[in-house]
Each structure stands twice: as C-alpha cells, then as structure tokens.
Amino acid sequence: AATHANVRVHISKTQAGGVATAYFDNLVVKPQGTCAALPDLLCLNNGRFQISSTFENYAGQTGVGLAQAMTGDTGYFWFFSAANVEVVLKVINGCGYNSSYWVYAGGLTDVEVDILILDTRTGDTWTASNALGTPFQPIGDIQAFATCP
C-alpha cells in the first residue's frame, strides 16, 4: 500500500476567473530510488537522478521539455523540434571530492525554462529557472546534492 505519491502537473495559463481542470492518465508507479523512463524525463547516474523541464515561449505557449540521454551522466531537452537542443545538463558524482553530486547546465535559449532534478534515492530536489527574454546563463553547482553515496 502506498503511503504517499508525487504528482507532476503542468497547467497552461487561463483567463482571470477561469477554471483549470487537470485529468490524469498513464499513472506510473515506480519503486523509490529509480527514475521513470518517460519521454519528458531525463534519467542520469543509473536512474538516481530524474530531471524534468518546462518552458514558456514569447507567444505564451507552454509545455514540457522532451529528454534525450547522451551518456550516463549527461543529457539534453528539446522543446519545439528534436533537431533544436534547448538545455544540456549533467549530474556528476563528486562524492570523493566534496561529498556531493554536482549539477552543470547550459542553455541555448532565451525562453522561460524551469528545471527540476529529483534525487530518487532521498527525495531531495534541486531547481533552476531562466526568465523569458534572458539568455540562459551557464550553471555550475558543485554542492547541488549533499546526498552521497
């Protein structure tokens, strides 16, 4: 029996006074410590870290990034076309150096971006955002997750 659940919801903006309704389909239940293998989730470090992204463009269009792994600790997201990479990320095991996992990210965009990384083993999260109209600045956080091993 489940004792809790994490639910990700992305709802587009509605007009003032409007009602937003969310419907759920294809619920995925996974054991703690693993990343769900879904098109909008990037799973790194043998599934230890689950990464998701959302965006909003200049026209007010919102959505989720689609993930593509490159190596065991590196991957990227695209928003509008698979041939158009928007954000590249990696989560590195720096446990031997400072007892932390490190997060590096770089963007090739100026749309609004929100990134969420979940440590599936501990439940700890790390987030980053980029404002609409601002070139995505490189991120290097060598203390992102003090959750070694």
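Before any of the text, the structure's been laid out above.
This text gives an overview of the structure that appears in the document. Just so it is clear, the model here is predicted, and its values are computed rather than measured.

1. Re the overall build of the protein chain
Phase 1 of the analysis: Helices and strands together make up the secondary structure of the protein chain, namely one helix and ten strands.
Phase 2 of the analysis: Secondary structure elements of the protein chain, listed N to C terminal, follow the sequence β-β-β-β-β-β-α-β-β-β-β.
Phase 3 of the analysis: Burial statistics for the protein chain: of 149 residues in total, 36% are counted as buried.
Phase 4 of the analysis: When the accessible surface of the protein chain is summed, it comes to about 8900 Å², and 53% of that surface belongs to carbon and sulfur atoms.

2. Description of the packing of aromatic side chains
Phase 1 of the analysis: In this structure the tally under the stated criterion is six aromatic pairs.
Phase 2 of the analysis: Aromatic pair F79 and F80: ring centres 6.1 Å apart, planes at 90°, arrangement edge-to-face.
Phase 3 of the analysis: Clustering of aromatic rings is evident, with ring pairs tying together F49, Y101 and F145.
Phase 4 of the analysis: Positioned above the aromatic ring of Y104 is the side chain of K90, whose terminal nitrogen or guanidinium carbon lies 5.6 Å from the ring centre.

3. Structural notes on the pairing of strand β5 (residues 74-78)
Phase 1 of the analysis: Of all five residues in β5, five are buried; the element is thus mostly enclosed.
Phase 2 of the analysis: Side chains T74, Y76 and W78 project from β5 onto one buried face, and the interleaved G75 and F77 project onto a second face that is buried too.
Phase 3 of the analysis: The antiparallel pairing of β5 with strand β6 (residues 85-93) creates a hairpin that spans six residues between the two strands.

4. Considering the pattern of salt bridges
Phase 1 of the analysis: This structure, assessed with the given rule, holds one salt bridge.
Phase 2 of the analysis: With a closest N to O distance of 2.7 Å, R48 and D119 form a salt bridge. Of this pair, R48 sits in the loop between β1 (42-44) and β2 (49-56) while D119 sits in strand β8 (residues 112-119), placing them 71 residues apart in sequence. The same class applies to R48 as to D119, namely buried.

5. Side note on the environment of W126
Phase 1 of the analysis: With respect to the helices and strands, W126 occurs in strand β9 (residues 125-130).
Phase 2 of the analysis: Between the C-alpha atoms of W126 and V103, which are 23 residues apart in sequence, the distance is 9.0 Å.
Phase 3 of the analysis: Beyond its immediate chain neighbours, meaning those up to four positions away, W126 contacts V103, I115, L116, I117, I139, D141, A144 and F145.

6. Re the nonpolar core
Phase 1 of the analysis: Ranked by internal contacts, the top residues of the largest apolar core, which has 24 residues, are I51, L89, V91, I115, I117, W126 and F145.
Phase 2 of the analysis: Those elements giving two or more residues to this core turn out to be β1, β2, β6, β7 (101-107), β8, β9 and β10 (139-145).
Phase 3 of the analysis: Once you skip the residues sitting within four places of it in the chain, I51 turns out to touch D40, L41, L42, L44, F77, L89, V91, I115, L116 and I117.

7. A word on the state of the cysteines
Phase 1 of the analysis: Following the criterion strictly, the structure yields two disulfides and no others.
Phase 2 of the analysis: The disulfide partner of C35 is C43, and the gap between their sulfur atoms is 2.0 Å. Taking the torsion about the sulfur-sulfur bond, which here is approximately -70°, the covalent link between C35 and C43 counts as left-handed.
Phase 3 of the analysis: Under the relative-accessibility criterion, C35 is labelled buried at 13%.
Phase 4 of the analysis: Note on C43: relative accessible area 26%, which makes it partly exposed.
Phase 5 of the analysis: Cysteine pairing for the protein chain (bonded cysteines numbered in sequence order): 1-2, 3-4.

Conventions we followed
Residues numbered from 1 in each chain as written. Predicted model: local features only at pLDDT ≥ 70, side-chain atom pairs only at ≥ 80, totals over all residues. Heavy atoms only, no water. Helix = DSSP H or I, 4+ residues; strand = E, 2+ residues; numbered from the N terminus. Buried < 20%, exposed > 50% of the residue type's maximum accessible area, 1.4 Å probe, protein only. Areas by Shrake-Rupley, 256 points an atom, 1.4 Å probe, with all protein chains shown as cover. Phe/Tyr/Trp six-rings, centres within 6.5 Å; stacked < 30°, edge-to-face > 60°. Lys NZ or Arg CZ within 6 Å of the ring centre and 35° of its normal. Pairing = 2+ DSSP bridges. Salt bridge = Lys/Arg side-chain N within 4 Å of Asp/Glu carboxyl O. Contact = heavy atoms within 4.5 Å. Core = buried A, V, L, I, M, F, W, Y, C linked by side-chain atoms within 4.5 Å. Disulfide = S-S within 2.5 Å.

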